[in-house]
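# Residue-level structural notes
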Amino acid sequence: MASLPAIKRLHGLALQMTAPPLARALAGIGAALVIFALFLSATGRDPLTAYAALFSSTLGSRVGLSEVGVFMVPFVLTGLAAAVPARVALINVGGEGQLYLGAWAATGVALYSGLSSPWLMLPAMVAAGFVGGATWAGVALLLRSWRNVNEVISTLLLNFVAVLFVNIFVFGPWKNTGGFGYPYTADFSPAATLPALFGTRLHLGLALALAAALLCYLVLGRTRWGYNMRATGGNVEAARRQGIPVARYLAGAMLVGGGLAGLAGMSEVAGIQHHLRSGISSDFGYLGFLASWLAGHNPLALLATGFLLAVIFVGGDVLQITANLPSAAMYILIGLVLFLVLGLKKDRPQAA
Amino acid sequence: MSTVLLALAGALSGAVGPGISVLYATYGEMITEKAGRINLGIEGSMLMGACFGFAATVETGNVLAGVLAGALAGMGLSLVHAYLVVFRNTSQLATGLAVTLFGAGVTAYAGRGYVGSSIVGLDPIGLPLLEQMPLLGKALFRQDLLAYAAYALGPLLWAFLRYTRWGLSLRAVGESTSVAFAAGRNPARWQVGAIAAGGLLAGLGGAQLSLALTHSWSDGMTAGRGFIAVALVIFGMWSPLRAMIGAFLFGGAIGLQLQLQTIGAPVSPFILDMFPYVITLAVLAVWTGAALRAMPEGLKGVLKGTI
């Protein structure tokens, strides 16, 4: 199916599973914090108090840490959605849209499957979320294999379509009639909610995300599949001559990536929201993509970068209250971290 | 039937206005890509142009100052991309997205005080006689100054790329940096210039959006127009004249959507909102082989056998 473009992918880049060295990553983060401190001072805030609040509110308390874990779930899963296709040199920027479709499909099962046991309901929702996300990635895959449409552009544009697609349902047929007019679906039954952990908002989705990261690491790094994927990503033609079914690996990596982003959507509705609503994701898909890039597409390093972005994300919420700092400012800090960590490395010239 | 015709006529007359901001961004991205670089950060540059163009207009009361501020803000953001990809060899796609995210943060922060402000924006100016042309007269010749400038810019850019020394240098760098270097050009300088020019034009597009089309600023108001511009560059096969067709197609999709909404078509408004993205994707899927051949050599490493 994907054979034609696959043949043309002679310039495929070997995307290696290499995270930036820790020292350089820390230097980049440090430099970003210094620049952001200048910004805070310039806008009349005390950077030291702000940073103290940022770190104590996230790393210094049980609740804070649990909130960081809550946001790690979508960052890690949508990060894997970029990391797995990156092994075969496909670039999936559609985690955001795939997350929405996963949430939508899982919600369909939660509201209309009629399953009453959580032992049936939750696996069904996981499966639906995975298939929903994979289907959305599949659209980009089809456009690529049939019409040579680059997956970067198609996945980006499909993100906007996915948000609108969910809106059709939450403003329309799925809207909760008793919901005071808000664009929410009805709340899920207890069987359709992921169990909370430690009496916090943290939920079983974190275990799902950690397991997925570990599994991806093992499959990509330690198995024949992973080896074949790396060969496909490095040089399609050479891989084909070795007898590797490259079309299957290209398609499989993209679909699994989409499915993992779909799981992020499923976790969000089943673990946090307990219903589907308009705009369930605050750019999680984009942040996950960038977390994966920061991690050099290494699933284990992604746990660290996902954790870092989650700390900034949660800390931003706290600073909004304590330092009267609009949440938008956190995107400035995240942008600075990305620029500096990506930019401190003087890479060999690379195309992508 | 008559409602459909009415909607199509309305879409036609409304196709130009919403297309102009995208057209500027498409010109900008085209210059960048002609030099062999891709910048997904132009979505952010458009936001910068929309936000700072609007804020400067509110502060100075002078819309031309706003246009200038918007263009410079768009260019300023693109310089971050230029530095990172040209001098630090970072991944172009990841860097562009990070730049867009950063631009979204900066504009959401800086634009807080301006949500809901009112301005005297760029108003449509009718061109005498031309305006009275049947069918397209009003659509094309009752527009704002930036729209007229955009009409002129297409042919100018085409001629610039094709016939001038600078245009040749730019294209040479986009085809092969090593050959261009051997021919005495400094590829890094040309690429930085091309990315900056791209950001400037995207900023102008953003300014047109907030100053002429909506007369307002809101967070994330570009809604992916920068990404659509990236797609339209491909649809336009790296030619400014074809890009104009693409931008008006996009504008037509928005015009049709608004028109159907106004006449109360029994369709979910969210389906109508999908039009611009879906039509852009469809158009991209239809035009492939020819576009692939027209791609600057330097981009092939990024887009790898696809468009």
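Residues numbered from 1 in each chain as written. Chains lettered and ligands numbered in written order. Predicted model: local features only at pLDDT ≥ 70, side-chain atom pairs only at ≥ 80, totals over all residues.

Each helix and strand in chain B was counted, giving 15 helices and two strands. A compact globule built from 307 residues should have a C-alpha radius of gyration of about 19 Å, and chain B, at 19 Å, falls within 12% of that. Dimensions of chain B along its principal axes, counting C-alpha atoms only, are 60 × 45 × 40 Å. Of all intrachain contacts in chain B linking residues separated by at least 6 positions in sequence, the fraction that spans at least 24 positions is 77%. (Helix = DSSP H or I, 4+ residues; strand = E, 2+ residues; numbered from the N terminus. Rg over C-alpha atoms; globule rule 2.2 N^0.38 Å. Contact = placed C-beta atoms within 7 Å.)

So, about the overall build of chain A. From N to C terminus, chain A includes 14 helices and zero strands. Secondary structure of chain A in N-to-C order comes out as α-α-α-α-α-α-α-α-α-α-α-α-α-α. If you take every contact in chain A between residues at least 6 apart in sequence, the share linking residues at least 24 apart comes to 79%.

Its identity as a non-glycine residue notwithstanding, B:Asn89 has a phi of 55°, on the positive side. As for its placement among the helices and strands, B:Asn89 is situated in the loop between helix H4 (63–87) and helix H5 (92–110).

With 229 residues, the main nonpolar core has A:Leu77, A:Leu80, A:Met125 and A:Leu290 as its most contacted residues. For this core, the element with the highest residue contribution is helix H11 (residues 246–273) of chain A, accounting for 15 residues. In this view, A:Leu290 contacts A:Leu338, B:Ala94, B:Leu97 and B:Ala98; residues no more than four positions away in its chain are not counted. (Core = buried A, V, L, I, M, F, W, Y, C linked by C-beta atoms within 7 Å. Buried ≥ 20, exposed ≤ 12 C-beta atoms within 10 Å, placed from the backbone.)

We now examine the packing of helix H12 (residues 240–262) of chain B against helix H13 (residues 269–286) of chain B. Residues and elements named next belong to chain B. The interhelical angle for the contact between H12 and H13, taken along N-to-C directions, is 160°, at an axis separation of 9 Å. Between H12 and H13, the interaxial angle falls into the category roughly antiparallel. The crossing of H12 and H13 is right-handed. Here Leu249, Phe250, Ala253, Ile254, Leu256, Gln257, Leu260 and Gln261 of H12 come into contact with H13, specifically with Pro269, Leu272, Asp273, Phe275, Pro276, Ile279, Thr280 and Val283. Of the residues contributing to the contact of H12 with H13, the split by class is twelve nonpolar, three polar and one charged. (Axes fitted to C-alpha atoms, helices over the stretch in contact; angles between N-to-C directions. Parallel < 35°, antiparallel > 145°, perpendicular 65-115°, else oblique. Left-handed = near helix turned anticlockwise from the far one by under 90°. Nonpolar A, V, L, I, M, F, W, Y, C, P; charged D, E, K, R; others polar.)

It is worth spelling out the confidence of the model for chain B at this point. Of all residues in chain B, 91% have pLDDT values of 70 or greater, and the mean over the chain is 86. Scored by ipTM, the complex comes to 0.87, with pTM at 0.88. (pLDDT = per-residue confidence, 0-100.)

In this section: helix H2 (residues 16–34) of chain B. The α-helix advances 3.6 residues per turn, and as a result positions three or four apart in sequence lie on the same side. Residue and element names in this part refer to chain B. With 19 residues, H2 extends 25 Å between its outermost C-alpha atoms, agreeing within 8% with the 27 Å of an ideal straight helix rising 1.5 Å per residue. A maximum bend of about 25° is found in H2 at Val22. The buried fraction of H2 amounts to 19 of the 19 residues, a majority that puts the element mostly inside the structure. Once H2 ends, the next one or two residues include Gly36, with phi positive near 85°. (Expected span 1.5 Å × (residues − 1). Bend = angle between axes of the 7 residues up to and from the residue.)

All names here are of chain B. Relative to each other, H2 and helix H10 (residues 187–213) sit at 175°, their axes nearing to 7 Å. Regarding the angle of H2 to H10, the classification is roughly antiparallel. Tallied by class, residues from the contact of H2 with H10 come to 16 nonpolar, nine polar and two charged.

Time to look at the environment of A:Gly285. When you line up the elements, A:Gly285 lands in helix H12 (residues 284–294). The residues touching A:Gly285, leaving out its near neighbours within four places in the chain, are A:Thr78, A:Gly95, A:Glu96, A:Gly97, A:Leu99, A:Asn159 and A:Ala261.

What follows deals with H11(A). All names here are of chain A. An ideal rise of 1.5 Å per residue puts 40 Å on 28 residues; H11 measures up with 39 Å between its terminal C-alpha atoms. Burial analysis of H11 places 23 of its 28 residues in the buried class, the great majority of the element. Positive backbone phi, at 60°, marks His274, one or two positions downstream of H11.

Turning our eyes to something else, we now look at the environment of B:Gly74. Residue and element names in this part refer to chain B. Along the chain, Gly74 turns up in helix H4. By the C-beta count within 10 Å, which is 36 here, Gly74 ends up buried. Placed 157 residues apart in sequence, Gly74 and Ala231 show a C-alpha to C-alpha distance of 19 Å. Residues within four places of Gly74 in sequence aside, it is in contact with Ser45, Met46, Met48, Gly49, Gly199, Leu200, Ala202, Gly203, Leu204 and Gly206.

What follows deals with the confidence of the model for chain A. Residue and element names in this part refer to chain A. Summarising the model, chain A shows a mean pLDDT of 87, and 92% of its residues fall at 70 or more. Mean pLDDT across the secondary structure elements of chain A bottoms out at helix H1 (residues 3–8), with 38, and peaks at helix H5 (residues 95–112), with 96. A low-confidence stretch, residues 348–352 stays under pLDDT 50, and its non-local contacts, those more than four residues away or across chains, total 14 contacts.

Residue and element names in this part refer to chain A. Its place among the elements puts Val68 in helix H4 (residues 62–87). Using a count of 23 C-beta atoms within 10 Å as the deciding quantity, one classes Val68 as buried. As a C-alpha pair, Val68 and Gly315 span 247 residues in sequence and 8.8 Å in three-dimensional space. Each residue touching Val68, except ones within four places of it in the same chain, is listed here: Thr58, Phe307, Ala310, Val311 and Val314.

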